[in-house]
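Coordinate analysis (summary)
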Amino acid sequence: MPDHPGTGNVAEPSKQMPLPAADEASPRRRFVYFSAAVLTFGLVSAVLVSWWQPMTFEVRWIWIGALLVVGFLIAELLAVNVDVRGGVSWTISFTEIPLVIGLFVAPFQVVLAAHLVAGVGTYLARRVQDRIVYNTGVFIIEIATAFSVMVLLDSLLDGPAWPSVLAGALAATLSSTLLGLAAMQVLARPIRAGAAVRLVLRTLALAVVNASVGVVGYEVATQVEGGTPLAVVALAGLAVLYMAYSGLVREQRDLETLSEVSLVVARSGHQAAARPASGLDDTVEVVDDAEWHGIADRIRDQLGATRVVLRLQFSSHGPMMTFQAGDPLPEPAGALEVTGVRADPLLRLPGSHVRHFRRSDAVPEIRQALVRRGVHEALVVPLRSASHLIGIVEVHDKLSRWRGFGQADQRMIGTTASHLATAIDNRRLLATLRHDAYHDPLTGLLNRPGFRQAAGPQLRDNPKSVVMRLDLEVLPTISDALGYAWSDRMVITAGRRLRDALGAEVPLARLESGTFAVLLAGASLEQAHATAERLCVELSAPYQVDRLTVEAGSVAGYSSPSTIAGGHGGAEIDTNLSTALDVDTLLQRADVALRAARSAGERVRAYLPSMGQIYLRRFQLVSQFRPALETGQVKVHYQPKVALPTRQVVGVEALVRWRHPEFGPLDPDEFVPAVEAAGLVDALTDFVMDQALGRARKWLDAGLRISAAVNISVRSLADETFPDRVAQRLERHQVPAGLLTLELTESGVMADPQRALPVLRRLHALGVVLAVDDFGTGYSSLAYLRQLPVDEVKIDKSFVLGMGSDLGDHAVVRSIVELGHSLGLTVVAEGVEEDIARDQLAAMGCDVAQGYLISRPLSESRLEAWLQARTVQAQGVRDELVLTLIS
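Throughout this document, residue positions are counted from 1 along each chain, in the order its sequence is written. Given that the model is predicted, a residue must reach a pLDDT of at least 70 before its local features are reported, and side-chain atom pairs must reach 80 or more before they are shown or counted; all residues, however, enter totals for whole chains, interfaces and linings. As a rule here, side-chain values come from all non-hydrogen atoms in the structure, and water together with hydrogens is ignored.

**Notes on the overall build of the protein chain**
Under the convention used in this document: For the purposes of this entry, the term helix denotes a DSSP run of H or I that reaches at least four residues, the term strand denotes a run of E that reaches at least two, and both are numbered from the N terminus. For the accessible areas, the method is Shrake-Rupley and the probe is 1.4 Å, while residue cover comes only from the protein chains on display.
Per the secondary structure count, the protein chain includes 31 helices and 28 strands. For the protein chain, the accessible area works out to roughly 39,900 Å², and carbon and sulfur atoms hold 58% of it.

**Re a nonpolar patch on the surface**
Our working rule: Each patch is built from salt-bridge-free residues with over 30% relative accessible area, joining like charges within 9 Å and nonpolar side chains (Val, Leu, Ile, Met, Phe, Trp, Tyr) within 5 Å. By definition here, a salt bridge exists when the distance from a side-chain nitrogen of Lys or Arg to a carboxyl oxygen of Asp or Glu is within 4 Å.
A surface patch of nonpolar side chains, amounting to about 630 Å² of accessible area, comprises Trp 51, Trp 52, Leu 152, Leu 156 and Leu 157. Elements with a contribution of two residues or more to the nonpolar patch: helix 1 (21-52) and helix 5 (132-156). With respect to the element layout, Trp 52 can be found in helix 1.

**Comments concerning the packing of aromatic side chains**
Heads up, the rule is: Only Phe, Tyr and Trp rings are paired, with Trp represented by its six-membered ring, and only when their centres lie within 6.5 Å; those with planes under 30 degrees apart are stacked, over 60 edge-to-face, the remainder tilted. Classification of residues uses two cut-offs on accessible area relative to the type maximum, computed with a 1.4 Å probe and protein chains only: under 20% is buried, over 50% is exposed, and between them is partly exposed. Should the NZ of a Lys or the CZ of an Arg lie within 6 Å of a ring centre and within 35 degrees of the ring normal, that charge is described as sitting over the ring.
According to the stated counting rule, one finds 6 aromatic pairs in the structure shown. The interplanar angle of 85° and the centroid separation of 5.4 Å between the aromatic rings of Trp 658 and Phe 671 together place this pair among those described as edge-to-face. With Trp 658 in strand 19 (residues 649-660) and Phe 671 in helix 21 (residues 668-677), this pair connects stretches of sequence that are 13 residues apart. Comparing Trp 658 with Phe 671, the two get one shared label, buried. Aromatic rings pair up to connect Phe 31, Phe 34 and Tyr 134 into one cluster. Above the face of the Tyr 543 ring, Arg 497 is positioned so that its terminal group lies 3.9 Å from the ring centre. A cation over an aromatic ring shows up here: Arg 617 above the ring of Phe 663, its NZ or CZ 4.3 Å from the ring centre.

**A few points about helix 19 (residues 583-599)**
Spelled out, the test is: Expected span, for any helix, means 1.5 Å times one less than how many residues it has. Polar contacts here mean pairs of N or O atoms no more than 3.5 Å apart (in protein, one a potential hydrogen donor and the other a potential acceptor; neighbouring residues in sequence count only if both atoms are side-chain atoms).
Between its terminal C-alpha atoms helix 19 stretches 24 Å, which fits the 24 Å expected from 17 residues at 1.5 Å a residue. For helix 19, the tally of buried residues reaches 12 of 17 residues, placing the bulk of the element in the interior. If you check which residues of helix 19 are buried, you get Val 583, Thr 585, Leu 586, Leu 587, Arg 589, Ala 590, Asp 591, Val 592, Ala 593, Leu 594, Ala 596 and Ala 597. Between the side-chain oxygen of the N-cap and the backbone nitrogen of Asp 584 there are 3.2 Å, and the N-cap of helix 19 in question is Asp 582. Looking one or two residues beyond helix 19, the residue adopting positive phi is Gly 601, at roughly 70°.

**Things to note about helix 31 (residues 860-870)**
So the rule is basically this: The reported arc concerns the directions from the helix axis to the C-beta atoms and nothing else. The contact criterion used throughout is that any non-hydrogen atoms of two residues lie within 4.5 Å.
Among all positions of helix 31, only Leu 863, Trp 866 and Leu 867 are buried. Each buried residue of helix 31 lies within a common arc of 100° when the element is viewed along its axis, so the set occupies one face. Residues of helix 31 that are exposed and point more than 90 degrees away from the buried face comprise Ser 861, Arg 862, Gln 868 and Ala 869. Of the surrounding secondary structure, the elements contacted by the buried residues of helix 31 are strand 18 (634-643), strand 19, helix 22 (681-701), strand 27 (871-875) and strand 28 (881-885).

**Things to note about the sheet that holds strand 8 (residues 388-398)**
Formally: By definition, two strands form a pair when at least two bridges between them are found by DSSP. Note on definitions: angles span 0 to 180 degrees between N-to-C directions of axes, and those axes are lines fitted to C-alpha atoms, for helices only across the stretch in contact.
What the 5 strands build is an open sheet, ordered 5-4-8-7-6; its pairing is antiparallel. The open sheet has two edge strands, strand 5 (321-326) and strand 6 (355-358), and neither has a second partner. For this sheet, the mean inter-axis angle between neighbouring strands, taken without regard to orientation, is 15°. Across the sheet, helix 12 (residues 364-373) touches strand 4 (305-312), strand 6, strand 7 (377-385) and strand 8, and the angle it forms with strand 6 is around 80°.

**A short note on the pattern of salt bridges**
When the charged atoms of two side chains with opposite charge come close together, those side chains can pair. Inspection of the entire model under this criterion finds 35 salt bridges. Residue Arg 695 pairs with Glu 860 through a salt bridge whose shortest N-O separation is 2.9 Å. A residue pair is termed long-range when its members are at least 10 positions apart, and Arg 695 in helix 22 and Glu 860 in helix 31 qualify at 165 residues. Residue class for Glu 860 comes out partly exposed when judged on its relative accessible area of 26%. What emerges from the salt-bridge pattern is a single network uniting Asp 682, Asp 686, Asp 690, Arg 715, Asp 719, Arg 725, Arg 729 and Arg 732.

**Remarks on the environment of Phe 147**
Within the element layout of this structure, Phe 147 appears in helix 5. Taking the C-alpha atoms as reference, Phe 147 lies 9.0 Å from Gln 53; in sequence the two are 94 residues apart. With residues up to four places along the chain from it excluded, the contact list for Phe 147 reads Val 49, Gln 53, Gly 102, Leu 103, Ala 106, Pro 107, Phe 108 and Val 111.

**So, the confidence of the model for the protein chain**
The test is simple: Every residue carries a pLDDT, the predictor's confidence in it, which falls somewhere between 0 and 100.
Per-residue pLDDT for the protein chain has a mean of 81; in total, 82% of the residues score no lower than 70. A low-confidence stretch, residues 83-88 stays under pLDDT 50, and its non-local contacts, those more than four residues away or across chains, total 20 contacts. When the criterion is pLDDT under 50, residues 337-341 qualifies, and its contacts beyond four places in sequence or with other chains add up to 5 contacts.

**Topic: the nonpolar core**
We apply this condition: Take the buried residues of types Ala, Val, Leu, Ile, Met, Phe, Trp, Tyr and Cys, join any two whose side-chain atoms come within 4.5 Å, and each joined set is a nonpolar core.
Core analysis: the largest hydrophobic core is formed by 82 residues, its most contacted members being Phe 625, Val 726, Leu 740, Leu 742, Ile 795 and Leu 841. When residues in this core are grouped by element, the largest group, 10 residues, is from helix 22. Beyond its immediate stretch of four places on either side in the chain, Leu 841 contacts Leu 644, Val 800, Met 803, Val 813, Ala 829, Val 832 and Cys 846. Ranked by size, the runner-up nonpolar core spans 31 residues in total, among them Met 468, Ala 494, Val 506 and Ala 523.

**Comments concerning the sheet that holds strand 9 (residues 466-472)**
An order of 10-11-9-14-17 is seen for the 5 strands of this open sheet, with the pairing classed as mixed. Of all the strands in the sheet, the pair left with one neighbour each is strand 10 (508-512) and strand 17 (604-606). Sheet twist, expressed as the average angle between the axes of neighbouring strands with direction ignored, equals 20°. Here 4 bridges tie strand 10 to strand 11 (residues 515-520), and the two strands are oriented antiparallel to one another. Bridging across to strand 11, Leu 508 finds its partner in Val 518. Of the strands in this sheet, strand 9, strand 10 and strand 11 are in contact with helix 14 (residues 448-461), which crosses strand 11 at around 15°. Sitting on the sheet, helix 16 (residues 484-502) is in contact with strand 9, strand 10 and strand 11, with an inclination near 10° to strand 11.

**Remarks on the side chain of Thr 173**
Take Thr 173: it is sitting in helix 6 (residues 162-186). Engagement of the side chain of Thr 173 in a polar contact is seen with the side chain of Glu 96, the distance being 3.2 Å.

**Examining the packing of helix 24 (residues 722-733) against helix 26 (residues 753-766)**
Two measures define how a pair of helices packs: the angle their axes make with one another and the distance between the axes. Quick note on the threshold: Oblique is the label for any angle not under 35 degrees, not over 145, and not in the 65 to 115 range, which are roughly parallel, roughly antiparallel and roughly perpendicular in turn. Crossings are assigned a handedness: left-handed for a near helix turned anticlockwise from the far helix by less than a right angle, right-handed for a clockwise turn.
Where helix 24 contacts helix 26, the two axes come as close as 9 Å, and the packing angle between them is 20°. Taken together, the axes of helix 24 and helix 26 are roughly parallel relative to one another. Relative to helix 26, helix 24 is oriented so that their crossing is right-handed. Here Phe 722, Pro 723, Asp 724, Val 726 and Ala 727 of helix 24 come into contact with helix 26, specifically with Val 759, Arg 762, Leu 763 and Leu 766.

Given below as structure tokens:
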């Protein structure tokens, strides 16, 4: 709605976000007609009042008119603008004071001329020519109304003239206010009735104060001796009061604006954070344009500017987005973000402080930038996060005061820009954290939580979908041979191949290592199988690794929530859809299918319900293992070890056995890996160690020194407290450390040698015998073997079993025996099942033999019976009892 520097308090509109031309054409056209009608009515009123109150020319009217012009200009200069809800502002001015003085001392024609010169001149200085017709008409109507009411009341009332003058001034204020409300209605931006009434009452209240001050000041100056200085002091005091009030109002409005901007930005940031992950690039922010246009509009209202432009970059990879309020930007300036922000000097300012530019004193480069925007002055503030530009705030041309932007405006926009920079920086940080939370840092693909977020809604909307899991199988070998950097490069390449093959819209995740997950929405089982075959071919294509070409194997498994494939082509219906719709359940089923494919030597397999029974049994074993320890279901069996060639029983290996009440005897290879994966291996190791040391203590009590060997896991080697637990058990059972052998695998040590070696050294310091189990099947690194504080090596039974018929195995065994002896180690051969193998081992110089030729693993009671039946006691070289195997 147009504003004008008329008497009293005037409602002025704030420009909202630009409407399309078709939407604004009708109100603007109506306002043109309305302005013409107001001017016409004003001119007619001026003619009638001039005819009613003719003026006789006198020279004094010239200097009195000049003083009135100065008075009206000062009143407008000290105007105070207060924001009114609903898109308008409320202007407090002192124009009633010069009007009152003019009513007292000058004719209508002089006051009207002074008011027009001051008012129109102010608008020309403001460069607001688009409302000059309307405001000229309002100026004339104000003065005509004031003189008409004053003359009419003066003719009706006897007594002093000031009541008539006061009433005339109030009538002028009321007329301008009512015309302002009517103009708002014409522009289709009406104020609610309650707000309009409050605006009128507030305007009249302040008009009464201003007019009363003018009347009192005039009466004192003319009726009291020496009253002119007193009146000037009173008017100056009122001006100071109003200016102080203006400052308070400005501070209140600034705080309100900052609060509103902060709340909107915070709400927008929370909404962005709550947006679920998708398969697309989540670094690109989804922005609510209306909210940010509203922020720009609120800043424009507060500063009384013709236009506010916000150029913001919400993410580090996103574009610089533009939001504006007020007059549309001219085409060259509006296209800056398209042609490149570096091309415009206002968009590449250093620092983050407020700049105030005017055409009149700007350098040519800046002046051209202002001309492109169609403005005469601008406040510009870069928004920065550390040293990175994240946005720019531009405020163009002051409307509410003809003198331009002041220090208060600069402080306001500087503080607002600081709030915006902090809020956008936090929003960018939140977007980065959110992206990192749902994406794999190596490949940029979704991670497991991100895949769950992206796939969940699509599965609910389309149950006929397939979740697929793919595994790149060569990575461990590459990591071991060349290091993790090269295996990471293979993973990146594999992820890129999958993305290119699937397209950008398909949710694709890297779950761990070389394992990927894919959601095929709306795919049939036949389509899923074909896609899995195609993706496996893509993953199996050669990789360039450190000047080498690596052939990589891949395997895939898939599962569907609505139909569980019973092989390629067949199907079984899964009735438990509520479970099947869970992303994690489908991933687990796809993993089961993948493992089944790997075990069968196939490339692709679909999930079958029967496959789940294997893992259900595994879960049951894990959950029932600890109670099984407590109830005696888990037992320790012992397999004797005999020295070659003396045939003395030197020790036993403690082996765990579990007789399950439902499943019967369980193979250790079935439940031990499951127990270890579930984190229960410490309980198992402690149980076996206690049983073995208890058995060794009984032999010591019988005068026999027979050692007990216990297998330990990778987890124990990584546990810094494990040596302490071993020492506690040795002390509890009163068994010398040399009678306890701990067997570890090469792969267990090499999994994390930096953590395993300190643990092994502490165990060795206790006096415990350390043996490398299954030697020859793992890393077989002589360099590491020399570093390990071990006392024994155990030749893997696969070599021992074949040495009688395979010259290669025979050579491997001989080499291990010679290598062990060269390092001062005891060599133990396991898997001895034939006499010829025993004799060959003895001929090679192997120290100890273990295997079915000597005895199967036996329970404690059967072991005692075996010792009594198969051995004889004899006196050893150190006068201790020894058990010698009977031929």
